[in-house]
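Single-letter residue listing:
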2 protein chains.
Amino acid sequence: MGMQHSPLTMSRILDRGATVAPAEEIVTATATGTRRQTLAETRDRAHQLAHALRGAGIRPGDRVATFMWNGSRHLEAYHAAAGMGAVLHTLNIRLSAADIEYIIGHAEDRLIIADADALGLLEPLAGRIASVERMVVAVEEGFEDWTTSIAPAVDYEDFIAGQPTRYDWPDIDENSPLGLCYTSGTTGNPKGVEYEHRSQYLHTMAQCMTDSMGLSATDTVCGIVPMFHAMGWGIPWSALMLGCKQVMPHRFMDPRRLVELMASEGVTLSAGVPTIWQGVKATVQADPDAHDLSALSRVTCGGSAPPASLIRWFHDTLDVEMIQGWGLTETSPLATLSRRLMKRKHLAMSLDEQLTNVGKAGQLMPGLEVDIFDTDFNRLPHDGESVGEILIRGPWICSEYYRNPQPERFHGDWLITGDVGTIDPEEYLVIADRSKDLVKSGGEWISSVDLENHIVAMDGVAQACVVAQPHPKWDERPVALVILDPDAEISPQSILEHCTTRFAKWQLPDDIMFVEAIPLTSTGKMDKKVVRADLEAKNYVLPDLRP
Amino acid sequence: MGMQHSPLTMSRILDRGATVAPAEEIVTATATGTRRQTLAETRDRAHQLAHALRGAGIRPGDRVATFMWNGSRHLEAYHAAAGMGAVLHTLNIRLSAADIEYIIGHAEDRLIIADADALGLLEPLAGRIASVERMVVAVEEGFEDWTTSIAPAVDYEDFIAGQPTRYDWPDIDENSPLGLCYTSGTTGNPKGVEYEHRSQYLHTMAQCMTDSMGLSATDTVCGIVPMFHAMGWGIPWSALMLGCKQVMPHRFMDPRRLVELMASEGVTLSAGVPTIWQGVKATVQADPDAHDLSALSRVTCGGSAPPASLIRWFHDTLDVEMIQGWGLTETSPLATLSRRLMKRKHLAMSLDEQLTNVGKAGQLMPGLEVDIFDTDFNRLPHDGESVGEILIRGPWICSEYYRNPQPERFHGDWLITGDVGTIDPEEYLVIADRSKDLVKSGGEWISSVDLENHIVAMDGVAQACVVAQPHPKWDERPVALVILDPDAEISPQSILEHCTTRFAKWQLPDDIMFVEAIPLTSTGKMDKKVVRADLEAKNYVLPDLRP
């Protein structure tokens, strides 16, 4: 042994930001403005929280749940749990009560730290989640009169008050559990992904690479993606390690409020799903001179692929680079990333070509391995045309589900992602679709995502959702639900004509339906399961099958 | 277990650059120009070399030595050895024959890959290094008629010719040895530092962080620091992983040739010791319009601290950011880094303040821990004034020396670096001196580095070297050797007057001696051991002790 084998535990990097940049701020949006504290205060409070949790009987490995928006106390919970070796179980506030009940019971959470404004959503579970011994309630302006009947409850501030501001972080194994996040499955119960210290430590280092998000201590970071989604895409950890200023929107997800917050706090890097960026675009378009977003330089976009028109708009109008990331809860989540300039040869490309690359899921993060396979698990060529199941492996990829291994979701040490796609000769991964959302027509596959992106690129189209409908001859045929911009005058026929510029006739939707809204999942993606269920409930029939 | 525990072996990241950027170039300087090959060719040749080494009986863990300048074949040796699990022992070409003999014998190198032009330096060892079974000779233009009597020898190209271009990298433990590098000790025999896969993997990730060197796949990297010094500061690994263009100067270290190479190849990032950058500065000053260095954006400077005037010159004249790094062979080597903008509060600083920070050794890399201690190993305050021994620990810090543990160089799991310094309230490490180079006068310490930096900041001073001389009353007193610029007219008295602007009277050198040259170590640092020995050989006596 020639080198130290220091364990890769989060406690080795957690406190660094507060050490090198103690006066940097954590800003949380409130009903009337913002609440501010320094990184040093955040660290001290996190250490106090760890003492309080310890006092409440929490031991390394125990699950501590959060039911919280993005805010300073949620960050303190991340910090405290990781330092002391507890497992932070980030409950998704937007799930159904039934799912939340299942998840809490399955994880056997011993304590829940909840935002007071969200307590009402938990109340139906009173008497149904026996593992929960204690509630700690984080109170923001306007919610001072909270109540809960889930378990004996204490105000967060009373809970940590008077505790020492230094907790001697214990030495734990680097493969100890760190966090728990359940995926909203398409069938069956939600499945838990258990993050570990080493996996998230390595993910944090990768996220801070220049060619990743270019995250720097000089950044002001605003994670809009909820901290209950795949550890907030890892941004809380990276920002704590580097010592970034962090701006947290809490429950105020209205696009106008988000834009105001980013402008007034000088946010340089933000992260969210495409619907967030569509909202930001609409807000800016409605009143172009109202907000100064000149500090903003990068927005990372994940969850689903951003339309090319949106990438272009951010570049042309705001001089902001949209960075696309692809990943899953199971991949911690960063798996591939796409930036305008990913390698030297891109320097010589036209802007159009560069932005086209951003529309792809991107290149593999160093240390991971991704490939596409046919149904017999033979590797397919990287020719940009062969479509296969995407499998991935590496040190921050899930190896089994929590207390429910599901070996069918793995092939050897590869995770079967459930997405299908191509890899082009430049080694860019391009997601064709979720395998469950592909339209299988006459033995061929039609990508619903490709159709949606093409339709949404039309002037006057705000959103498009393509789903499969059953057909006795072709097996399935695609139909499109389309939301138009206000006052747009577009006919179904003109959309089909637009589609013929890129798609073969057999790939065109059989039906174009104009709608007011498209249902979204709790992660802000279009919920095609609900769309299909709605159509079925309405006894929808494809046009050529109607009597 | 919820996450994959993929081992952190270099084979998981080595081939990535050639996969994502196969056409990118590796450029090696030759006698008459450059030699070029693609990254894909480099990977293929590295895999061939691994097969050839395997055929020559090399097994995982065996030491394969290189005796080479920076060039494509040295890079292939890095790549092949790391992939197959052999231990790359990078011999320092500039050491004495006696040291090289000791090192080869101590490491029991089985095979040496040597540059043909350097074979003459090994020839005195014929018959004295019994472990070496085979020589592989890398031939550059002009050295086709090489001979060696060390061991049976083969031309590198013949060695790898016809071997398969894919080697199935074996699964090895992540704590397996990767490389071996001996430090040129000040007393006793050289000591070996054995790098491991995991340590160098983590070092590579850290080096590619935005706040590290900002290394990107879009960079054209020129590592001037020899690849036989602490793995070329890790740059070969990072550039292989990212897929950078690499420009390698081979034996052509003349500043004019280096500048020509950097200009013609569009180098964006380079790395070397201060003497290299002094040479580049002199070359540009001699003929400011001769070379276009506009692509160059960052130079990293390590080995010893760059004078403030040099940092300023690079900024003002070339618009190049000098990044200071501090580390040792024992620290892989990156330990701290100093950049102009290291945190948000720097954005509001004046340029002068920013560049002053670059003159400090810098901030700790994430994941490491550094602190200053008194002689009883009590931690000292981070007040910028308390001077203490610098200790460091973390996942890429040496834990013992190879086959010679030297426990006195460690304190618990801390490495005693042998440097002394302060940590300021901003958590910047400032190196006061090597502990052996401090001048101990009347119970107080005088920093030779501080005096040197102050003297060299005078117009007309090219270089300064301060060493201690014995004194019966004060124990030691400082004297300064100074090299003046051509035609500079400076008196010893004016240098002393200049020093009084910053130093107390008792800290001033007792003697100022103008010299033509200052001896350098094999790493390009001033060799104070030799300076002191020279003074002793000349029976030097301090002025106030002369009869």
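Just so it is clear, the model here is predicted, and its values are computed rather than measured.

Visitor: Sorry, what's going on with the interface of chain B and chain A here?
Guide: By convention, interface size is frequently given as the accessible area that disappears when the constituent parts associate. Between chain B and chain A, the residue contacts involve 67 residues of the former and 67 residues of the latter. Together chain B and chain A conceal approximately 5,200 Å² of surface at their shared face, both sides included; 52% is due to carbon and sulfur atoms. Its largest share of buried area at the contact with chain A, chain B owes to Met3(B), Gln4(B) and Arg344(B), together 16% of the area lost on that side. In this assembly, chain B and chain A are joined by four salt bridges. The residue Glu24(A) makes a salt bridge to Arg344(B) at a minimum N-O spacing of 2.6 Å. Between chain B and chain A we count 45 residue pairs in polar contact (both at pLDDT 80 or more) in total.

Visitor: Just to check I follow, could you spell out the packing of aromatic side chains for this structure?
Guide: For any two aromatic rings, the description comes down to two numbers: the centre-to-centre distance and the angle of the planes. Within this structure, the stated rule accounts for 14 aromatic pairs over all chains. Among the aromatic residues, those joined into a cluster by ring pairs are Trp277(A), Trp313(A) and Phe314(A). The ring of Phe252(B) is capped by Arg257(B), whose NZ or CZ atom sits 4.6 Å from the centre of that ring.

Visitor: Just checking my understanding: could you explain the sheet that holds strand S7 (residues 153–155) of chain A for this structure?
Guide: Within a sheet, adjacent strands bond to each other through the backbone by hydrogen bonds, running parallel or antiparallel. Residues and elements named next belong to chain A. Across the sheet, seven strands lie side by side as S7-S6-S5-S3-S4-S8-S9; this open sheet has mixed pairing. Looking at the sheet topology across the chains shown, the edges are occupied by S7 and strand S9 (191–196). Put simply, the sheet's adjacent strands are angled 25 degrees from each other on average, direction ignored. Across three bridges, the pairing between strand S6 (residues 134–138) and S7 is parallel.

Visitor: Just checking my understanding: could you explain the nonpolar core for this structure?
Guide: Among the nonpolar cores identified, the biggest contains 236 residues, and Phe159(A), Trp277(A), Phe314(A), Phe159(B), Trp277(B) and Phe314(B) are the most heavily contacted of them. Here Phe314(B) is in contact with Trp277(B), Val280(B), Val299(B), Asp319(B), Val320(B) and Met322(B), once residues within four sequence places are set aside.

Visitor: Got a minute to help me understand the pairing of strand S3 (residues 63–67) of chain B in this structure?
Guide: Within a regular beta strand, the side chains point alternately toward one face of the sheet and then the other, so they alternate between its two faces. Residues and elements named next belong to chain B. The element S3 is largely enclosed, with a buried count of five among its five residues. Pairing of S3 with strand S4 (residues 87–90), which is carried by four bridges, proceeds in the parallel orientation. Paired with alanine 65 across the bridge in S4 is histidine 89. Running through helix H4 (residues 72–84), the crossover from S3 to the neighbouring parallel element S4 is right-handed. For S3 and strand S5 (residues 111–115), the ladder comprises four bridges, and the chain directions are parallel. Pairing of threonine 66 across the sheet is with isoleucine 113, part of S5.

Visitor: How do you make sense of the sheet that holds strand S12 (residues 269–272) of chain B when you look at a structure like this?
Guide: Residue and element names in this part refer to chain B. Taken together, nine strands build an open sheet; the order of strands is S2-S1-S11-S10-S12-S13-S14-S15-S16 and the sheet is mixed. With one partner strand each, in any of the chains shown, strand S2 (34–38) and strand S16 (363–364) form the two edges of the open sheet. Summarising the sheet, strand S15 (residues 334–338) and S16 pair through two bridges and their orientation is antiparallel. Within S16, the position partnered with leucine 337 by the bridge is glutamine 363.

Reading the values: the criteria
Residues numbered from 1 in each chain as written. Chains lettered and ligands numbered in written order. Predicted model: local features only at pLDDT ≥ 70, side-chain atom pairs only at ≥ 80, totals over all residues. Heavy atoms only, no water. Contact = heavy atoms within 4.5 Å. Buried area = accessible area lost by both parts, 1.4 Å probe. Salt bridge = Lys/Arg side-chain N within 4 Å of Asp/Glu carboxyl O. Polar contact = N/O pair within 3.5 Å; in protein donor to acceptor, adjacent residues only side chain to side chain. Phe/Tyr/Trp six-rings, centres within 6.5 Å; stacked < 30°, edge-to-face > 60°. Lys NZ or Arg CZ within 6 Å of the ring centre and 35° of its normal. Pairing = 2+ DSSP bridges. Helix = DSSP H or I, 4+ residues; strand = E, 2+ residues; numbered from the N terminus. Axes fitted to C-alpha atoms, helices over the stretch in contact; angles between N-to-C directions. Core = buried A, V, L, I, M, F, W, Y, C linked by side-chain atoms within 4.5 Å. Buried < 20%, exposed > 50% of the residue type's maximum accessible area, 1.4 Å probe, protein only. Right-handed = clockwise from strand over helix to strand, strands pointing away.

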